[in-house]
Amino acid sequence: MERWAEFSAATKLDGIGVSEIIRIGAQARALVAKGHDVIMLNAGEPDFPTPDNIKLAGINAILTNQTRYTALDGTLALKAAIRRKFLRENGLDFADDEISVGAGAKQVLFNILMATLNPGDEVIVPLPCWTSYLDMIKLAGGVPVCVSCPEDAGFRLSADALRAAITERTRWLLLNSPSNPTGAIYSSAHLHALGAVLRDACRVGVIADDIYEHVRYSDVPFATMAAVCPDLRPRVVIVNGVSKAYSMTGWRIGYVAAPAQMIAAMAVVQSQCSSNPCSISQAAAIEALDGPQDSVRAHCRDFQQRRDMIVDLLNSIPDIRCTLPDGAFYAFADVRTLLARPSVIGQGITDDMALCQFFLNECHVAVVPGSCFGAPGYMRLSYASSESMIALSLARMKAGVERLLAQ
Ligand SMILES: Cc1ncc(COP(=O)(O)O)c(C=O)c1O
């Protein structure tokens with residue numbers, strides 16, 4: 001009998017792997033399993049529990065048997081709550097057929113790319129960026145066109161850089177504001193400048209990933225491209241979700257607002273992979289969007305306090321520098337000076353990957369190298385952790401750096 005050939009993954013997975021962030025998390029958990037007390041500053045999720053009113057809505061959905069398949073891309077009740085959210089918070093009016101709900105903003109982003117990219121279509125991605133973007137684009141047959149946005153430009157894409165990146169094949173510009181990993185925010189002035197370039201490039205649409213909309217530390221109103229440049233709205237897609245604002249990462253609800261034809265194409269993708277998002281989570285998401293918003297504001301105030309603390313502590317470590325992020329819950333620290341020190345290089349630490357490995361192995365603090373976000377020479381620390389854990393981890397890292405420099 002012929003033997004089953006050795007397994008090899010499909011070629012469409014070439015160059016695509018489980019993300020480095022997940023690998024670091026697994027390594028940290030392995031150390032914990034061996035009895036080490038590792039502090040995880042690598043996680044991309046709020047550490048707060050889901051607010052009680054939202055949990056109760058989920059429990060109630062179970063008790064009232066809302067446990068069957070729902071409409072493919074979201075119940076009408078959830079779509080109505082999402083429409084109210086867009087109207088209330090962004091001044092944007094959408095119809096039901098312009099809204100789609102998936103299992104997290106991640107699935108929704110994947111649906112968009114699968115439904116719209118033809119082989120070779122280009123997606124402009126400002127770096128540093130959330131790494132999943134690049135792999136998702138590739139899986140969908142597209143080509144990521146990465147544009148580095150240096151720190152002295154606020155980690156933001158300039159109008160000139162956008163203009164230079166646009167080609168005949170450009171299909172999308174993917175903007176994330178506030179940004180993971182830098183916390184950078186595009187103001188309405190920044191969006192106007194980018195919008196002016198896009199006006200001359202009528203094939204190019206915008207995917208606005210607004211998932212961190214509610215984690216911002218100034219009173220400046222939130223700006224999103226569809227509201228700032230209403231004439232571009234027919235080619236703007238807005239991605240959002242309940243994961244970050246309502247501490248609901250495990251519930252897996254994300255949503256998108258887009259022109260109806262695009263929503264219909266996304267429904268085709270979702271119908272053949274996962275069908276509807278969880279019925280119970282959808283009921284809970286209605287309460288999140290329609291219910292009291294005090295916890296969102298309270299969590300944001302807590303994050304702001306932790307941000308100030310972690311940035312101060314980072315800047316107290318020799319040769320590490322960190323500017324104050326405007327949003328999200330990550331500090332993005334520059335470690336290039338440290339990596340240039342002969343005593344550090346002499347110990348085999350020549351890049352941000354090796355430095356983060358040192359912090360994990362020697363200081364038992366898990367942080368993510370900037371290379372994972374397309375920004376070598378940096379590292380990302382999540383401050384979705386208690387103040388005492390932040391203080392302890394940064395003290396360990398400082399002692400570790402001092403040891404490195406003393407050798
Ligand atoms: C920038 C960005 N977009 C989208 C997501 C996906 O969020 P979710 O799938 O939990 O809704 C994340 C999660 O970390 C993110 O950082």
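Remember, predicted model here, so these are calculated numbers, not experimental data.

Before going further, it helps to examine the overall build of the protein chain. Across its full length, the protein chain holds 15 helices and 13 strands. Against the compact-globule benchmark of 22 Å for 407 residues, the protein chain has a radius of gyration of 22 Å, which places it among compact chains. Counting only residues that meet the buried cut, the protein chain has 54% of its 407 residues in that class. Here the analysis covers contacts within the protein chain between residues at least 6 apart in sequence; of these, 74% occur between residues at least 24 apart. When the accessible surface of the protein chain is totalled, it reaches about 17,600 Å², and 56% of it is carbon and sulfur. Counting 36 positive and 41 negative side-chain charges, the protein chain places the averaged centre of each group 2 Å from the other.

Quick look at the UniProt feature "domain: Aminotransferase class I/classII large" (unreviewed entry) in the protein chain now. Here, the residues flagged by UniProt with the feature "domain: Aminotransferase class I/classII large" (unreviewed entry) are residues 37-388. For the annotated span residues 37-388, helix accounts for 39% and strand for 16% of the residues, and the straight-line distance between the end C-alpha atoms is 14 Å.

This part covers the sheet that holds strand β9 (residues 321-322). Taken in spatial order, the four strands of this open sheet run β9-β10-β13-β12, and their pairing is antiparallel. Two strands bound the open sheet, and with one partner strand each, they are β9 and β12 (368-369).

Moving on, we come to the side chain of K244. As for its placement among the helices and strands, K244 is situated in the loop between β7 (236-241) and β8 (254-257). Summary of buried charges: K244 has no salt-bridge partner, and the nearest side chain of opposite charge, E45, is 7.2 Å away. Among the polar contacts made by the side chain of K244, one reaches the main-chain carbonyl oxygen of G44 at a distance of 2.6 Å. In terms of polar contacts, K244 uses its side chain to reach the side chain of Y212, at 3.3 Å. The contacts of K244, once residues within four sequence positions are left out, are G44, P46, I211, Y212, F329 and Y330.

This part takes up the site of the ligand. Neighbouring the ligand are 13 residues, the closest being A105, D209, S243, K244 and R252. Separating an oxygen atom of the ligand from a side-chain N or O atom of Y212 is a distance of 2.9 Å. Taking R252, its side chain carries an N or O atom lying 2.7 Å from an oxygen atom of the ligand. At three residues, the largest contribution of residues to the shell around the ligand is made by helix α4 (residues 104-116). Residue composition of the shell around the ligand, grouped by class: five nonpolar, four polar and four charged.

Moving on, we get to the domain arrangement of the protein chain. Here the domain parsing of the protein chain yields domain 1 (11-49 + 295-406) and domain 2 (52-290). The straight-line distance from the C-alpha centre of domain 1 to that of domain 2 is 27 Å. With 34 residues of domain 1 at the contact, the number on the domain 2 side is 29 residues. Roughly 2,600 Å² is buried in total at the junction of domain 1 and domain 2, and carbon and sulfur atoms are behind 58% of that figure. At the surface where domain 1 touches domain 2, the tally comes to one salt bridge.

Right, let's talk about the packing of α4 against helix α5 (residues 132-139) for a bit. In the contact formed by α4 and α5, the axes pass within 9 Å of each other and the chain directions differ by 35°. For the crossing formed where α4 meets α5, the hand is right-handed. Of the residues in α5, those touching α4 at K106, L109, F110, L113 and M114 are S132, Y133, M136, I137 and L139.

As a further point, take unusual backbone geometry. Across the junction of L127 and P128, the peptide omega takes the value 0°, indicating a cis bond. Among the structural elements, P128 can be located in the loop between β3 (122-127) and α5. A cis amide bond, omega 25°, links N180 with the succeeding residue P181. For P181, the position within the fold is in the loop between β5 (170-176) and α7 (188-199). In this structure, S275 is a non-glycine residue whose phi angle is positive, near 60°. If you check the backbone angles, H364 has positive phi at about 55° while not being a glycine. The residue H364 is located in the loop between α14 (352-363) and β11 (365-366) in this model.

Moving on, we come to the sheet that holds strand β6 (residues 205-209). Spatially, β2-β8-β7-β6-β5-β3-β4 is the arrangement adopted by the seven strands of the open sheet, whose pairing is mixed. If you trace the sheet from one side to the other, it starts and ends with β2 (99-102) and β4 (143-148), each paired once. Geometrically, the sheet is characterised by an average inter-axis angle of 20° between neighbouring strands, direction not taken into account. Sheet topology note: the β2/β8 ladder contains four bridges and is antiparallel. Residue V101 lies in a different strand from β8, and its bridge partner there is Y255.

Formed by 68 residues in total, the largest nonpolar core has its most connected members in L314, M379 and L381. Element by element, the count of residues in this core is highest for helix α11 (residues 294-315), at six residues. Mapped onto the domain boundaries, this core takes at least three residues apiece from domain 1 (11-49 + 295-406) and domain 2 (52-290). Setting aside residues up to four positions removed in sequence, L314 forms contacts with I320, C322, A331, A333, M379, L381 and L394. Ranked by size, the runner-up nonpolar core spans 48 residues in total, among them I54, V206, I238 and A285.

Reading guide: rules and limits
Residues numbered from 1 in each chain as written. Predicted model: local features only at pLDDT ≥ 70, side-chain atom pairs only at ≥ 80, totals over all residues. Heavy atoms only, no water. Helix = DSSP H or I, 4+ residues; strand = E, 2+ residues; numbered from the N terminus. Rg over C-alpha atoms; globule rule 2.2 N^0.38 Å. Buried < 20%, exposed > 50% of the residue type's maximum accessible area, 1.4 Å probe, protein only. Contact = heavy atoms within 4.5 Å. Areas by Shrake-Rupley, 256 points an atom, 1.4 Å probe, with all protein chains shown as cover. Lys, Arg positive; Asp, Glu negative; His and termini not counted. Charge placed at Lys NZ, Arg CZ, Asp CG, Glu CD. UniProt positions renumbered as here; feature names shortened; annotations may be inferred. Pairing = 2+ DSSP bridges. Salt bridge = Lys/Arg side-chain N within 4 Å of Asp/Glu carboxyl O. Polar contact = N/O pair within 3.5 Å; in protein donor to acceptor, adjacent residues only side chain to side chain. Near = heavy atom within 4 Å. Nonpolar A, V, L, I, M, F, W, Y, C, P; charged D, E, K, R; others polar. Domains from an automatic or database assignment. Buried area = accessible area lost by both parts, 1.4 Å probe. Axes fitted to C-alpha atoms, helices over the stretch in contact; angles between N-to-C directions. Left-handed = near helix turned anticlockwise from the far one by under 90°. Core = buried A, V, L, I, M, F, W, Y, C linked by side-chain atoms within 4.5 Å.

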